[in-house]
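Letter by letter, the chains look like this.
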2 protein chains.
Amino acid sequence: MKISVIGLGLIGGSMAIDLRKRGFAAHIIGVDSNKLHAHTALNIGLVDEIDTMDNAIDNSDLVILATPPNETVRLISKILDMIKNQIVTDTCSIKGNIAERIKYHSNRSNYVAAHPMAGTENSGPWAAKSGLYDGKAVIYCDVENSKPEAVTQVRKMYDYLNMRPLYMNSYNHDVHLAYVSHISHISAFALALTVLDQEKNEKNIFDLASGGFDSTVRLAKSSAEMWAPIFEQNSENVLTVLDTYIDKLNSFKEAINTHKTDQISEMIVKANRIKKIL
Amino acid sequence: MKISVIGLGLIGGSMAIDLRKRGFAAHIIGVDSNKLHAHTALNIGLVDEIDTMDNAIDNSDLVILATPPNETVRLISKILDMIKNQIVTDTCSIKGNIAERIKYHSNRSNYVAAHPMAGTENSGPWAAKSGLYDGKAVIYCDVENSKPEAVTQVRKMYDYLNMRPLYMNSYNHDVHLAYVSHISHISAFALALTVLDQEKNEKNIFDLASGGFDSTVRLAKSSAEMWAPIFEQNSENVLTVLDTYIDKLNSFKEAINTHKTDQISEMIVKANRIKKIL
């Protein structure tokens, strides 16, 4: 099968590596508006050739759109305008906006909304690696709006990447992700900013990080290019969660300020329930 | 050397294992007010015998106080009252309160304040394990108030545990720890509470946790017995940091709410500086 990967960063690049290595893709055309990324992807063998988006789509059976969220929203209708029988899928971590935008597009059924939930804090074609997706979850959204053969093809592709399928509608996807992913990132970014502001001595941060900071702050290494648009596009859900989160922090603050150690203990014991789940 | 370990949980138990295995301690007497913990520690071989605190101290050269912070503050003067020439050290993660309490004790110089920075989210003698301390940092506080031979002895002990020594006064210790450890834990507890409150479907949490939640929330598995007293005893510093942290979260909220994506990006790029340090 001939495939195009539009967006040759960590996500698209890592898919390209394993889809070829594992025999799903015979030929991979890469597209990237960033010339350095495109050049690098070709040089390190992520793709067989680099072409324009038009040519890439014309010459593919399957098109994978793996750009940052704002680009994906911008490109999706344009790509659906261009296809004939090609199947299109994206990897975007926000689904509601895209779903709205293409709801009535005549080629809607050729598109399969998917969100492979994997990543590292690194980005760019250099960060691409084999095995990134193995054992992780892929969320399919609104599959009833895609034609069955398109869903089958995209599912087959994610089967090659060893991903566990989950199904939900775009709206629920965005709500759940706000809770389980987006707030974790804001929490980590804010934590990094707090510590960087106050600890002028970087050696202290390094020396003392094993006290918990290193694990909580890992996500603060994630890129602005990816995350600013996510927060923007899922703003309503993210703001709701952020309010709840700030409320919980204020409860801790209040309990610490009034020396209500029993109340602090109760909150921690409640939080410990997460042990049973994870 | 004969040593006593008062408090046979993760911290004291893990020290006992390696101090014997690596030849520092010839005989280890265990003390724990929790009978089940004491019994378990003896049964699984963490200690050679269990005794009362009085007898244990009488029969030791070195006393390690490894109880939760509130117990340590309660016990430290009592232990200094009981010693003759024994050296006493503690593992408490808050140092200011203890320092205040024993400032003018006639046996002050036999005590060495130390904070070995290691742990897991598990607790109790069952959680004790070899190698817990290898390569981690141990912070010595106010060493000028301890007699040199006591410092030498305690340093020798932590050398057997392969710990990297750091030195600071108790006040600075508590400020730094509020930033680099305590706030990370509050952040994780609050995050767990937020998600547990809203995600009624635990399977969703499990399925989607790889989106960042799993790493950020790891510390939320930590015990109330240990952490509630830490927040209580370091309340002033923790409240200052918590205020800054909530301010940063409010900046994110404001920027998301007013769709200032550039400002969100700027904050993320600033937070990314943590990459260079960790």
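Residues numbered from 1 in each chain as written. Chains lettered and ligands numbered in written order. Predicted model: local features only at pLDDT ≥ 70, side-chain atom pairs only at ≥ 80, totals over all residues.

**Q** Just to check I follow, could you spell out the interface of chain A and chain B for this structure?
**A** How big an interface is tends to be expressed through the accessible area that disappears when the partners come together. Taken together, the contact pairs 81 residues of chain A with 81 residues of chain B. Those elements giving two or more residues to the side of chain A that touches chain B turn out to be α7 (170–198), α8 (202–208), α9 (213–216), α10 (224–233), α11 (235–257), α12 (261–271) and α13 (274–277) of chain A. At 21 residues, α7 of chain A tops the list of elements feeding residues into the side of chain A that touches chain B. In the side of chain A that touches chain B, the residues fall into 47 nonpolar, 20 polar and 14 charged. (Contact = placed C-beta atoms within 7 Å. Helix = DSSP H or I, 4+ residues; strand = E, 2+ residues; numbered from the N terminus. Nonpolar A, V, L, I, M, F, W, Y, C, P; charged D, E, K, R; others polar.)

**Q** Help me understand the confidence of the model for chain A in this model?
**A** Averaged over every residue, the pLDDT of chain A is 94; the share at 70 or more is 100%. Among the prediction metrics, the complex's ipTM stands at 0.88, with pTM recorded as 0.88. (pLDDT = per-residue confidence, 0-100.)

**Q** Sorry if this is basic, but what is going on with unusual backbone geometry here?
**A** Most peptide bonds take the trans configuration, and most residues that are not glycine carry a negative phi. Residues and elements named next belong to chain B. The phi angle at Asn162 is positive, at roughly 60°, despite the residue not being glycine. Mapped onto the fold, Asn162 is located in the loop between α6 (148–160) and β8 (164–168). Residue classification places Asn162 among the partly exposed residues on the basis of 14 C-beta atoms within 10 Å. The phi dihedral of His259 is positive, around 55°, even though this residue is not glycine. (Buried ≥ 20, exposed ≤ 12 C-beta atoms within 10 Å, placed from the backbone.)

**Q** Honestly, the relation of the copies chain A and chain B in this entry has me stumped. Any pointers?
**A** Think of it as a corkscrew move, a rotation about one axis and a shift along it, taking one chain copy to the other. Once chain A is rotated about the relating axis by 180° and shifted along it by 0.0 Å, it coincides with chain B to within an RMSD of 0.0 Å. One copy is carried onto the other by what is essentially a two-fold rotation axis. Of the C-alpha atoms belonging to chain A, the one lying closest to the rotation axis is found on Thr216 of chain A, 2.2 Å away. In this assembly the copies share their binding face: 100% of the residues contributing to the interface of chain A also contribute to that of chain B. (Least-squares fit on C-alpha atoms with pLDDT ≥ 70 in both.)

**Q** I'm lost on the domain arrangement of chain A in this one. Help?
**A** Residues and elements named next belong to chain A. Partitioning chain A into structural domains gives domain 1 (2–168) and domain 2 (173–277). Computed over C-alpha atoms, the centres of domain 1 and domain 2 are 31 Å apart. Taken together, the contacts link 15 residues of domain 1 with 14 residues of domain 2. Taken together, the elements giving at least two residues each to the side of domain 1 that touches domain 2 come down to α4 (69–82), α5 (96–102) and β7 (137–141). Counting residues per element, the side of domain 1 that touches domain 2 draws most heavily on α4, which supplies three residues. For the side of domain 1 that touches domain 2, the per-class residue count stands at seven nonpolar, six polar and two charged. (Domains from an automatic or database assignment.)

**Q** Is there a simple way to explain the packing of α7 of chain A against α11 of chain A in this structure?
**A** Relative placement of two packed helices is described by the angle separating their axes and the distance separating the axes. Residue and element names in this part refer to chain A. At a minimum axis separation of 9 Å, α7 and α11 run at an interaxial angle of 60°. Accordingly, the angle class assigned to the pair α7 and α11 is oblique. You can see that α7 and α11 cross each other, and the crossing is right-handed. Between α7 and α11, the residues in contact are Asp174, Val175, Ala178, Tyr179, His182, Ile183 and Ile186 and Asn237, Val238, Val241, Leu242 and Tyr245, respectively. (Axes fitted to C-alpha atoms, helices over the stretch in contact; angles between N-to-C directions. Parallel < 35°, antiparallel > 145°, perpendicular 65-115°, else oblique. Left-handed = near helix turned anticlockwise from the far one by under 90°.)

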